[in-house]
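What follows is each chain in one-letter form.
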Amino acid sequence: MVLGLDIDARQAAYPGLHLFDLKDGILYGPIPSRRLGLSLGINFLPYGNKTCSWDCLYCQCGWTGKEGSPAAADPARFPTVAELSAAFEEGFPALAKAGQSPDTLTLSGNGEPTLHPRFGEAVDALIRSRDRHLPKAKISILSNAERAAEPEVRAALMRLDARCMKLDAGDAATTERLDRPLTPFDLDRHVAALAALRPVLIQSFFVAGALDNTGPGLVAPWLDCLGKIAPEEVHLYSLDRVPPAKGLQAVPKAVLEGIAGRVRARGIPARVFA
Ligand code: SF4
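Definitions and cut-offs
Residues numbered from 1 in each chain as written. Predicted model: local features only at pLDDT ≥ 70, side-chain atom pairs only at ≥ 80, totals over all residues. Heavy atoms only, no water. Pairing = 2+ DSSP bridges. Helix = DSSP H or I, 4+ residues; strand = E, 2+ residues; numbered from the N terminus. Axes fitted to C-alpha atoms, helices over the stretch in contact; angles between N-to-C directions. Contact = heavy atoms within 4.5 Å. Expected span 1.5 Å × (residues − 1).

Visitor: Could you clarify how one ought to interpret the sheet that holds strand β6 (residues 201–205) in this entry?
Guide: Sheet strands associate in pairs through backbone hydrogen bonding, adopting either a parallel or an antiparallel arrangement. Taken in spatial order, the eight strands line up as β1-β2-β3-β4-β5-β6-β8-β10 in an open sheet, and their pairing is mixed. Looking at the sheet topology across the chains shown, the edges are occupied by β1 (27–33) and β10 (270–273). Neighbour to neighbour, the strand axes of the sheet diverge by 25° on average, direction disregarded. Pairing between strand β8 (residues 233–237) and β10: four bridges, direction parallel. When the sheet's bridge partners are listed, His235 is paired in β10 with Arg271. Lying over the sheet, helix α3 (residues 119–133) contacts β2 (37–42), β3 (104–107) and β4 (138–143), oriented at roughly 150° with respect to β4.

In structure tokens:
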């Protein structure tokens, strides 16, 4: 059992890491990203509150509180498609005019973007405004893929330019302990949904300390899942923001590179971000 920390104790427990500020609007940034170039963040989720179907021990947004779970999230707290559209139509031309045209529009923000109650329509509004004002920008999403098996969500994901989807473990027990899904989790269904999203990029998070998913016994089944998904690339991360859980440690870059080497040995490109 990994014990949690309240928000006041989080920074003290991880003095070398930065806290992530929950977003209080729809657009944030742009910020330079090694992976995405100049990236403008897009938040489809309620302001100042994390909303997610998982509750990962390492989540930079903190714990998923009761009101942020899929069962309790109030649809009225999400920005409407009209509000999203208005933010794009105001913000995108302003960035272009200021010479800050982003390379990527990244759907991320305060949790899991696909939980927006009208996700497909929101995606279409984003694509329309992108085409009108920032035609060179790619649209990317960071998602846990929990809704990726739903046909409408899958179709919307496929309208984006890039899908960065989560797979932290190749066994259900480790996923339950590390990612703590708030809805019933089926690893085979998750892997099949990821495989159906090709081309797909897999992002995987590794931690050490109170929970360690870097050992050979856990990496082997994860590699087997990657073989079934056949992603275009795998990105490996470890702690770089303050997590909500106690006792986690960042995985040394050399260890991540060792795991990435095993991915490459299977013919799948892999990059380490540490
Ligand atoms: S899936 Fe992403 S947003 Fe949700 S708890 Fe995990 S890291 Fe946080």
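On we go from here.
Visitor: Sorry if this is basic, but what is going on with helix α7 (residues 216–229) here?
Guide: Residue pairs three or four apart in sequence face the same way in an α-helix, which turns once every 3.6 residues. Taking 1.5 Å of rise per residue, the 14 residues of α7 would be expected to cover 20 Å, and the 20 Å separating its terminal C-alpha atoms lies within 8% of that figure. On the buried face of α7, the contacting elements are α6 (187–195), β6, β8 and α8 (253–264). Two residues or fewer past α7, Ala230 is found with a positive phi of approximately 55°.

Visitor: Please clarify how unusual backbone geometry should be interpreted in this entry.
Guide: Trans is the prevailing form of peptide bonds, just as negative phi is the prevailing case for residues other than glycine. Going from Gly29 to Pro30, the amide bond is cis rather than trans, its omega being 5°. Within the secondary structure, Pro30 is located in strand β1. The omega torsion across Arg198 and Pro199 is 0°, close enough to zero to call that bond cis. Looking at the element boundaries, Pro199 is found in the loop between α6 and β6. Backbone geometry places Ala145, a non-glycine residue, at a positive phi of 70°. Structurally, the position occupied by Ala145 is in the loop between β4 and α4 (151–158).

What is shown is where atoms sit, not what they do.
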